[in-house]
Structure formats: structure tokens, C-alpha cells
Amino acid sequence: MRYLAPTTLEDAVQMLAEDPGECRVLAGGTDLLVRMRAGMTEPDSILDIKRIDALREITAEDGGWRIGAAVSGAVMNEHEGLCADWPGVVEAANLIGSTQIQGRCTLAGNLCNASPAADSVPAMVAAGAVARIAGPNGTRDVPVEDVPLAPGKTCLEQGEFVASIFLPRRGPRGGDAYLRFTPRTEMDIAVVGCAVSLTLDADGICTAARVSLGAVAPTVILVPQAAATLEGTRLDEPALNALARTCSEAASPIADKRGTVEFRTHVAGVLARRAAKIAHERAGG
Amino acid sequence: MALDSKTTQDVMQFKVVGTRPLRPDGIDKVTGRARFGADISAPGMLTGLVLRSPHAHARIKSIDTSAAEAMEGVHAVVTRRDFPERDLDEGTADVLDNCMAGDKVLYDGHALAAVAASSTHIARKALKAIKVDYEPLDHVTDVDAAIQPGAPVLHQGRANESVPEGASPNIMARYEFGHGDIEAGLAQADRVLERSYKTEATHQGYIEPHACLAQMGPDGQADLWCCTQGHYMVRNTCAEILGLAQGQLRVTASEIGGGFGGKTTVFLEPVALMLAKKTQRPVKMVMSRSEVLRATGPTASSSVDMRIGMTKEGIITGAFAELRYQGGAYPGSPVDMGAMSAFAPYDLEHVKTIGWDIVTNRPKAAAYRAPGAPMAAFAVESAIDELAKGFGLDPLEVRLRNAAREGTRASYGPTYPAIGLEATLRRAKDHPHWSAPLGPNQGRGVACGFWFNFGGDTCVSLNVTPDGTVTVSEGNPDIGGSRASMSMMAAEELGIPYEKVRTIVADTGSLGQNEVTDGSRVTFAVGLATIKAARAAKAEMCKRVAQVWGIDEDAVEWKDGAAHPAGPNAGTHPPMTLAEIAAIASNTGGPIAGHCEANPEGAGVSFATHMVDTEVDPDTGAVKILRYTVFQDAGKAVHPAYVEGQFQGGATQGIGWALNEAYIYGEDGLLQNAGFLDYRIPVASDLPMIDAVILEIPNPGHPYGVRGVGETSIVPPLAAVANAVSEAAGVRMASLPMSPPKVLKAIRDS
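If you're wondering where the values come from, they're calculated on a predicted model, not measured in any experiment.

### Some details on the overall build of chain A
Here is step 1: Within chain A one finds eleven helices and 14 strands.
Here is step 2: For chain A, the C-alpha radius of gyration of 19 Å lies close to 19 Å, the compact-globule estimate for 285 residues.
Here is step 3: In terms of its C-alpha atoms, chain A occupies a principal-axis envelope of roughly 60 × 45 × 35 Å.
Here is step 4: For chain A, with 285 residues in total, the buried portion stands at 55%.
Here is step 5: Counting only contacts in chain A whose residues sit at least 6 apart along the sequence, the fraction spanning at least 24 positions is 58%.
Here is step 6: Within the structure as shown, chain A displays about 11,900 Å² of accessible surface, and the carbon and sulfur contribution to it stands at 51%.
Here is step 7: Seen as two clouds, the 27 positive and the 35 negative side-chain charges of chain A have centres 5 Å apart.

Rendered as C-alpha cells:
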């Protein structure tokens, strides 16, 4: 097995393109190394992107934040500007695994693992995050909700990898939140996840919202009809009831060892209502 | 908080016992220096890996190992054919079949071949190169489905003589306990509750996977290092399976990262020895977590039917339970102990239990902390709670009215000596927890629990060194603080400071036979042997001093760590300390030691009462444990911090069993959650600090009054949590685990 550790993005792209066998990109390694140890994957090469300085930074850009693919959840948690703008995304990243895992795991890795239960992905989707993908044909920007195609499958082409995640300008009177249901308080995986991001006007009316659900479909889903139940309202009881009902209707989960269809469908609505209330409070509502 | 009972104080004033010295293994464990099963290596060592069945039930038509054997770096492949044909007793034959399948694989993960190779990488490739021709068979994993007509049969004709004619061939044994006339008893009740209860199989969840290193020379001398609860058991079982003389196989126990009963048998060890024999190289084997969950012993799942009658005053007039436990693919579920312990806390005139031992296509059950008792207590304590609350009675008061006391004839036969159940109930009633207010969606549950406790074969050797320190050698792996406890009891008896004593766990070549660390026996039995060994050493030292002083042995007595002249004819001599006696031992007859070999009776049964507050989220079914208090009789708490740790640990494992832990099998009979992500033991943030209240009702069978404490603490929590959740959710939960989907469904259906 070869271990590759480029120090520039250009070198990384070139090494990945030229690698003759199966080459896997390593950021935090909290999924890849576990899979390797379990014998589920045996790559010929590993390309470690953590030595690329640009990918280890959080930088301000157009009023938003660009988060490098090698930035860990713990680093995000200590970034004041990011926490002030997108607390829901930061909290979601810091629900993954344990404190130790959060010192390694990254948004980009969580996205590329393409699990419908990934914690940070619904939060990114609700936030309107965009993934910047690097590859032999240059870079392209793809909305986060379009990256996962199916469990374990992404839209990345041969030789491509996610270099950064862009969180847009938050603006005044905005708030986001992510909640997940797990049987344990930590060290667990979402049975259902829900993120809500919304913006209020000066009168406290919701002018824009994005709602996403995790672990209730083959990929994390954006639910525009759920967002519509909030827009134009003050998030009063009828609106929250409509939100919960719409989220339950939008859920098309499977029954598995983690939960039944009935449970996931119901809890999708419960979490949506609770997440919307937190986001609303954060928006100053 | 330790409460010295009057009796103990009258009889003994302790100086060391009852204090909380630093644990002797603490620094090694927090610095990573402690050597666990996987932490030893040998020159030329090979890696051993096991090939496991991907089927729940299949006939093995053939195994072709030739391609694997031909691979470079592969030193040996073993299958069942490599093990000698020997006339093994049934239990040992099952252990061998579990370690290495014969004609059939009986569960997902059943071992059927193993390789030894120069690297893990090569060993993995070699496993893939072994070609097995399976004939898949129908399977059954549920205890009740296994005894339906037409269920797939695991073993034909293996039922013992207790099983009636015409019963399901998957029933291996039937047990019955009790006395009185059940129907007559139930007829006196104001209400008879009939209800069925189910629990799922749970794993011991020890943090250290099984691991061992084996070597064997051409002369038949073998050495084994392994993680186990009983290296003498490992020696005897492996010797029997491999046809070795017990004395030729030396087994050394590593530090142990938890066992809870799950390491009282062998899984890898006979296979590692066979690979070592075949390769003439040291072979190390370490299980993955997935292997631990798929192929080592969980406990049984259970299905219990209960009929229990109570008067409106809360007197139980009659109690009947029929218990069905599946113990995996071989006979030996702990249903016998479930049937014995079910009603043990109560003084009942009419009581009966029937237990059925059932086999299914699951891994062979191993002991798990008070094996069999928690599931039985879940049913009994849930039923008593439901009846008591139905009559509007205080559930603690109802238990007090029916509590077994000194002189009560237990439902399983014996008549109790002094026991502590009533004391735990009274303490619970007086505790501030019992009267603390509850909020909305909250509920409080209580339950009692019982465990037998055991003695068993025990050897201790105590040696006095020339500089006056003391070493104690015992033969039981230290799984709950036994090195500290033995050092404390030796120091107490000898009258020297704790720091002057070091206790080690000796290998099988150093002592006689020792029973495994089970049945909460070690602090009781090894403690008793340690005290006796210390007394023997004291007698020897008094003899030496008598010789020096030129007086009779009887005229020398031992107190405060020194020999003193005693009696009218002893004369006046300055006392001689242990260190002074040790310094001249060479001139007074040679080294000084004491030892004890015994099979002590009188372990002393143990009781506990648990109290728990829970909150249920009515929208998600999630259960939060708000507060938890354990009240348990320890006889005498030698090291109270360890005792509290046992109480807390048992409660924690019981909470996991009650709420989320379960073996989940698919329609295909394969285990779906062979990892700690989806096999959910509680994490620290799931729990409040668990309060431990130690009661001390001395055990007359031990010199210091000690009772075992390790197992009783897992017996009440299943029911205590279920009673609390049932109250909080407003619906009776009679099936474990009470996972959120199950609780939410119960709430929405109610």
C-alpha cells in the first residue's frame, strides 16, 4: 500500500489522477480507517490531504465561510465567526462519534461517506452549503444535496475529491439548528435527523427557510414543501403542526435494526418542530 | 457509605478492612503499562485467525484447505479433523464443537477452521482461500419459535431424562422448584395477575476482546498466556480437548479487561494450542469486536409466563412462573438458576417454577453476572409492582410484607440464615430518594434481587520475605479488585500496613486447583483462604519466637503485627515484630510461609433493592435515567470503593439490558449488530451518578462476615427500570429492551 502526502492542491489532483490502482482520499480517516481495519476496503494507495495548508483553514469569503476539507469538527467548534453564523452546522459536526472522533472528522469526509444518516449533511443542506470539487478537469461547485446519489455513492468522478465546503452569508435575523434522534446520548448514529435554517424579517415573519431530513431516504433530502409551511408565518402552532406533518409525509424510511418505518416517520415530524423552534429562537424570533 | 452493623462492631474492630487504599493495578492501567491478553509477543510468533460460518445453520459437506496451505507465509490450517478423537464428557465435547465445528455449523459466526500465518494480512487472505461446501439448513433463533411443532432441529435426541416424551427436540432439560399447592394459593388471592414477559439476549460487553498466545514444544510441554476469568479452567479444558497432561500445560492469566462471566469458558485457546502444535511456533490470536459479539457467549434470551396472586393487603398467596430460556446452540442456558432465584426474595407458602432449557441457532450462552436471575426477576418484580400499584399499595411496603427473613424456607429449597433483604427495603424506604418529588412524564420504580454466591476450590500461598514484607499468591484473575482485597485481609490478619503486602495472580504451575472467578466467590473464598494462610503464618512465627524465647508455643500470642508473651508463665520478653522474626528466619528453621487449600462452604446469599427514576419523552419514546440508588448487603465491605463500583456496574449493565441492548437477528438468521455502534451499551452521558448504599449484615460463613457482591447488583435493574418506565409512560412494558420505537408504539397504542 502506498501512502501519498501532497502539500499543494495541484499535487494532490495530479497524484490522484496518476495513481494506477484504487486510491482513497484520507482526511480525518474516521470512516476510511475503520473500513480498512474491518477488511471492507483495501485500497492500493492512500492520499492524505491534511498536509495541504489551504485545506486546513476556515476563511471568510463573500460574507460566508469556506471550510477546507481537512478542517475537523473540533476546529470548527473553536471558530467564533462560524459558530455565530452557523451554529446548527457546527453542532451537527460535533455530534459525530465522540470527542476523540470530532478531533479528526471533517464535513467533507462526512459528505463523501454518503450515508443517509450522516449528521453534518442535513445541516449543510439546510444551510445551502456548496461543495467545491477538485479534479483533473479543474474545479466545480455542487450544492451539497446533489453530492450523495445513494448510500455510499457520490457524484464525484474518477480523480475528483471535495476540497472545501462553502457556507453562504448568514445575514441578519437568520438561524439554523440540527437535531437527531439516537437511543444513546452520544457515540451513536442518527435514526432520524432534521435540520432547519430560516430567516426572519423585521416583523418576525419567516421570509426564507430550508428544511432537510436525514436517515429517512437513501440520501439526505431537502424538503421544499416543509420549508413552505414556515415561510410567511411567525412559526406559530398551526405552522409548526404543518411542518411536522409535511416532514412525516416526506419521510420514506426503511425499517431496520435502528428503527421502524412508523417510528422514523413520526419522529421526523417531532424533530422538525423542535429544530424549527431552536432555529427561530436563534434568528431572534 | 458503609454502615457497620452492631454484630460486626461487637465482634471485630477492623484497621485495614473497610478503608479505601489505592488500587495496586491503578497506575499500570492508567498509564497503559498493564499487559492484557493481546499485549504479549514471542520471537517467531505467528498470527492465528478463525474462519467463521456465514450461515445460521448448515451441514459442512467438505472443507478444502489446500489452496490456503499452499500460500507463502501460511504455516498451518486446522479444522476439526486435527483435534484428537477423544472420549470427552458432554460439556467438554460441546466446548470443543463450539471452538471448532464438527458436522454442522450451528450459528452465524461459528468457527470451522483456523490458520496460522506470518502476518495478519496473509492470514486474512488464507481464510478467503479456504473452500467450504455448505448445505444450508433451516434455522430458528427465537426461544418460543424453537419449540413450535416443525421448528428446525439442532440436535436430535440430546434431551436429558427430565424432558417429557413428545416435547420439542429443541428442549434439552426441564427443571422444577417450589413447594405448597399453587392452585390453592391462587384461590386465596383478591387478584391473580397473568402476564408474559420477554427479554432479549445481551452480551457481557467486556471492553477487552478475547486474546491468547500459545506455544507447544515437541516434548508436549505447552505454555499459554490468555485473558480469562479462570486459567485453571483453561488448563483443564484445553488439556482434556488436546489430550495433554494437565501438569504439562502452564497457563498464565493476563490482566483482564472485563469478563462478567463471559470469560469462564474457552473460545480461542484450544485452537491456538493446536496451531502452535502443528507449526511448532508461538501463535497469537486476538478476536475482533465483531467476532466477540458473533461467537462468544451472550446470555440467554427469555420468555416467561407468570401467574401470581395477591390479597388487597399485599400478601402474595401463590406464585407460579414458567421460564423458557434459549442458551444458543448447545444445552446449558441458565434457566435452572432463573427458576431457582425467581422467587428467592419472598416468603411464600405456595410457589412453583418450571424452567425449560432450549437450543436455537445462536452462539452458545456463557455466564453473565448472576446468570439467569435478571430475566426471572424482571418477570417477578414487574408482576409484584403491577399488583401492588393496582391495589394502591406502596411497592416497597408490599415487598416488606412478603420478604424472606432468617428462617424462611426459600422457594428453591434451603432455609435462610441471617439475610439482608429486609434491611435493604427498610433503608430504601427511609432514603430521601423515595420521597423526592417527580415531574411530568416521570416515574419511579423499585425492584429486589437475589443471588446465591459460591465458594469453590481455592488455594492461597502467603510468603514472608526476609525483609518482613509479605507476598500473597492466589489463583484467580483480578476482575473486581481482588488483589487489593486480599492484601487488605492479609494485612488485617497479620497486623501490618496494607503497603507491606503485595498480592499476585499466580500461574497454574504455582498453586493447586482454583475455581474460576465466578459466583461472586473470590472476595469470600479466596479471602477466607488468605486469612487462613495468614493465620498459619502467624502460628509459625509464634512457634519460632517461642523457640527464641525458650517458652511454650502456647505462651506466645500475635497482636498488632508482633509476637507477644502471653499467659502467667510466659515471662517478660519485648515483643518481636514480623520484620524481626523474618530477619532471623533462616536461623530458626528456614523461610516462613502460610498456605490454605480449601473448598469453602457458607458463601452467604445476597440481596439488593434498587430504586430508579425515569423520564419518558412521549413524542419519541426515549427514556432518560434521572436518578438511581442501589441498596445492597455486602456482609462486610472489604474495600468499599470497589463494592460501590460493583453496585454501580451491575446497575449500569442492567440499565443497558432494560433499555437498548439486544441481539438483533434478521430473517436470514444472521446477527445484524455485531459492533458497539448498534449493540448499544450505555455510555457515561446516558447515566446519572449511581448512588450506592452499602449495608453490612455479616455472613456467618466468613471470618470477617464477607459476602460476594459482584452479581446481585445486575438482578433488580431490569424490573426496576421497567417499573419506572411503565409508570412514566402510563403503559406496562413487559418486553425488553424498552427501545424508543417500542416505547413510542406502546404509548401510541395505549
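From this point on, the discussion continues.
### Considering the overall build of chain B
Here is step 1: The helix and strand tally for chain B stands at 20 helices and 27 strands.
Here is step 2: Taking 27 Å as the expected radius of gyration for a compact globule of 750 residues, we find that chain B reaches 27 Å, a close match to that expectation.
Here is step 3: Its C-alpha atoms give chain B principal-axis dimensions of roughly 85 × 75 × 50 Å.
Here is step 4: Counting every atom, chain B has about 26,800 Å² of accessible surface; 50% of that belongs to carbon and sulfur.

### Quick look at the domain arrangement of chain A
Here is step 1: In terms of domain boundaries, chain A breaks down into domain 1 (1-48) and domain 2 (174-282).
Here is step 2: Each of domain 1 of chain A and domain 2 of chain A was reduced to a C-alpha centroid, and the two centroids are 35 Å apart.

### Side note on the confidence of the model for chain B
All names here are of chain B.
Here is step 1: Residue-level pLDDT values for chain B average 96, and 99% of them are 70 or greater.
Here is step 2: Note on residues 1-9: pLDDT is under 50 here. Beyond four places in sequence and across chains, it has 20 contacts.
Here is step 3: Here the complex is predicted with pTM 0.96, and the ipTM for its interfaces comes to 0.95.

### A look at the packing of aromatic side chains
All names here are of chain B.
Here is step 1: All told, the structure shown has 14 aromatic pairs over all chains when counted by the stated rule.
Here is step 2: Considering the side-chain rings of Phe450 and Phe607, the 5.3 Å spacing of their centres and the 50° angle between planes classify their relative orientation as tilted. Linking Phe450 in strand E17 (residues 442-451) with Phe607 in strand E25 (residues 606-616), this pair joins segments that are 157 residues apart in sequence.
Here is step 3: Note on Phe450: relative accessible area 1%, which makes it buried.
Here is step 4: Classification of Phe607 as buried rests on a relative accessible area of 0%.
Here is step 5: Through pairs of rings, three or more aromatic residues link up here, namely Tyr412, Tyr416, Phe450, Trp451, Phe452, Phe454 and Phe607.

### Comments concerning the domain arrangement of chain B
Residues and elements named next belong to chain B.
Here is step 1: Annotation of chain B at the domain level lists domain 1 (46-137 + 210-286), domain 2 (301-453 + 604-749) and domain 3 (455-598).
Here is step 2: Computed from C-alpha coordinates alone, the two centres of domain 1 and domain 3 are separated by 40 Å.
Here is step 3: Each partner contributes to the interface: domain 1 provides 19 residues, whereas domain 3 provides 18 residues.
Here is step 4: Carbon and sulfur atoms supply 55% of the area that domain 1 and domain 3 bury against each other, a total of about 1,300 Å² over both sides.
Here is step 5: Considering only the side of domain 1, the residues that lose the most area to domain 3 are Gln229, His231 and Tyr232, jointly responsible for 45% of the buried surface there.

### Here we look at the interface of chain B and chain A
Note on interface size: it is often stated as the accessible area lost on association of the parts.
Here is step 1: Contacts between the two partners involve 25 residues from chain B and, on the opposite side, 22 residues from chain A.
Here is step 2: Here chain B packs against chain A, burying approximately 2,000 Å² in sum over the two surfaces, 51% of which is carbon and sulfur.
Here is step 3: The shortest N-O distance in the salt bridge between Asp617 of chain B and Arg274 of chain A comes to 2.9 Å.
Here is step 4: Our count for the contact surface shared by chain B and chain A stands at 13 residue pairs in polar contact (both at pLDDT 80 or more).
Here is step 5: Sorting the residues of the side of chain B that touches chain A by element identifies helix H5 (120-129) and helix H20 (740-749) of chain B as the ones contributing at least two each.
Here is step 6: Element by element, the count of residues in the side of chain B that touches chain A is highest for H20 of chain B, at five residues.
Here is step 7: Of the residues belonging to the side of chain B that touches chain A, the class tally is ten nonpolar, six polar and nine charged.

### Focus on the packing of helix H11 (residues 261-282) of chain A against H20 of chain B
Here is step 1: Viewed as axis vectors pointing N to C, H11 of chain A and H20 of chain B meet at an angle of 80°, and their least axial separation amounts to 10 Å. In terms of orientation, H11 of chain A lies roughly perpendicular with respect to H20 of chain B. From H11 of chain A, Glu262, Phe263, His266 and Val267 of chain A reach across to H20 of chain B, where they touch Pro740, Pro741, Leu744, Lys745 and Arg748 of chain B.
Here is step 2: For the contact of H11 of chain A with H20 of chain B, the residue count by class is five nonpolar, one polar and three charged.

### With respect to the nonpolar core
Here is step 1: Among the nonpolar cores identified, the biggest contains 101 residues, and Met306, Ile308, Phe343, Tyr416, Tyr628, Val721 and Met738 of chain B are the most heavily contacted of them.
Here is step 2: Examining the composition of this core, we find that eleven residues originate from one element, helix H11 (residues 373-390) of chain B, more than from any other.
Here is step 3: In this structure, Met738 of chain B is in contact with Ala658, Leu659, Val721, Ala722, Val725, Met733 and Val743 of chain B, ignoring residues within four places of it in sequence.
Here is step 4: One finds Ala12, Ile52, Val125 and Ala129 of chain A within the second-largest nonpolar core, a separate group that totals 53 residues.

### Comments concerning the environment of Pro21 of chain B
Residue and element names in this part refer to chain B.
Here is step 1: Mapped onto the elements, Pro21 comes out in the loop between helix H1 (6-11) and helix H2 (26-31).
Here is step 2: A relative accessible area of 16% means that Pro21 is categorised as buried.
Here is step 3: In this structure, the C-alpha to C-alpha distance between Pro21 and Ala484, residues 463 residues apart in sequence, is 8.0 Å.
Here is step 4: Sequence-distant contacts of Pro21, defined by excluding residues within four places in its chain, comprise Met488, Tyr498 and His639.

### Some remarks on the sheet that holds strand E5 (residues 104-105) of chain B
Residues and elements named next belong to chain B.
Here is step 1: On the basis of which strands lie adjacent, the open sheet formed by three strands has the order E5-E3-E7 and antiparallel pairing. Every interior strand has two partners, whereas the edge strands, E5 and strand E7 (131-136), have only one.
Here is step 2: As judged from the two bridges shared by strand E3 (residues 58-64) and E5, these two strands associate in the antiparallel manner. When the sheet's bridge partners are listed, Arg59 is paired in E5 with Lys104.

### A few points about the state of the cysteines
Residue and element names in this part refer to chain A.
Here is step 1: Throughout the structure, instances matching the rule amount to zero disulfides over all chains.
Here is step 2: Here Cys247 is not cross-linked by a disulfide; its sulfur's nearest cysteine counterpart is in Cys194, at 5.0 Å.
Here is step 3: Note on Cys247: relative accessible area 0%, which makes it buried.

### Some remarks on helix H7 (residues 231-242) of chain B
Residues and elements named next belong to chain B.
Here is step 1: For H7, spanning twelve residues, the distance from its first C-alpha to its last is 16 Å, which sits close to the expected 16 Å at 1.5 Å a residue.
Here is step 2: Counting buried positions along H7 yields eleven of twelve residues, so the element is predominantly enclosed.
Here is step 3: Of all the positions in H7, only His231, Tyr232, Met233, Val234, Arg235, Asn236, Thr237, Cys238, Ala239, Ile241 and Leu242 are classed as buried.
Here is step 4: Those residues of H7 that are buried are in contact with helix H4 (90-99), strand E10 (211-216), strand E11 (222-226), strand E12 (249-253), helix H8 (269-279) and strand E20 (501-505).
Here is step 5: At the C-terminal side of H7, Gly243 shows a positive phi close to 75°.

### Points about the side chain of Lys284 of chain B
All names here are of chain B.
Here is step 1: For Lys284, the location among the structural elements is in strand E13 (residues 283-286).
Here is step 2: A polar contact is formed between the side chain of Lys284 and the backbone oxygen of Ala38, at a distance of 2.7 Å.
Here is step 3: With residues up to four places along the chain from it excluded, the contact list for Lys284 reads Ala38, Ile40, Ser41, Met45, Leu46, Thr47, Gly48, Cys212 and Leu213.

Reading guide: rules and limits
Residues numbered from 1 in each chain as written. Chains lettered and ligands numbered in written order. Predicted model: local features only at pLDDT ≥ 70, side-chain atom pairs only at ≥ 80, totals over all residues. Heavy atoms only, no water. Helix = DSSP H or I, 4+ residues; strand = E, 2+ residues; numbered from the N terminus. Rg over C-alpha atoms; globule rule 2.2 N^0.38 Å. Buried < 20%, exposed > 50% of the residue type's maximum accessible area, 1.4 Å probe, protein only. Contact = heavy atoms within 4.5 Å. Areas by Shrake-Rupley, 256 points an atom, 1.4 Å probe, with all protein chains shown as cover. Lys, Arg positive; Asp, Glu negative; His and termini not counted. Charge placed at Lys NZ, Arg CZ, Asp CG, Glu CD. Domains from an automatic or database assignment. pLDDT = per-residue confidence, 0-100. Phe/Tyr/Trp six-rings, centres within 6.5 Å; stacked < 30°, edge-to-face > 60°. Buried area = accessible area lost by both parts, 1.4 Å probe. Salt bridge = Lys/Arg side-chain N within 4 Å of Asp/Glu carboxyl O. Polar contact = N/O pair within 3.5 Å; in protein donor to acceptor, adjacent residues only side chain to side chain. Nonpolar A, V, L, I, M, F, W, Y, C, P; charged D, E, K, R; others polar. Axes fitted to C-alpha atoms, helices over the stretch in contact; angles between N-to-C directions. Parallel < 35°, antiparallel > 145°, perpendicular 65-115°, else oblique. Core = buried A, V, L, I, M, F, W, Y, C linked by side-chain atoms within 4.5 Å. Pairing = 2+ DSSP bridges. Disulfide = S-S within 2.5 Å. Expected span 1.5 Å × (residues − 1).

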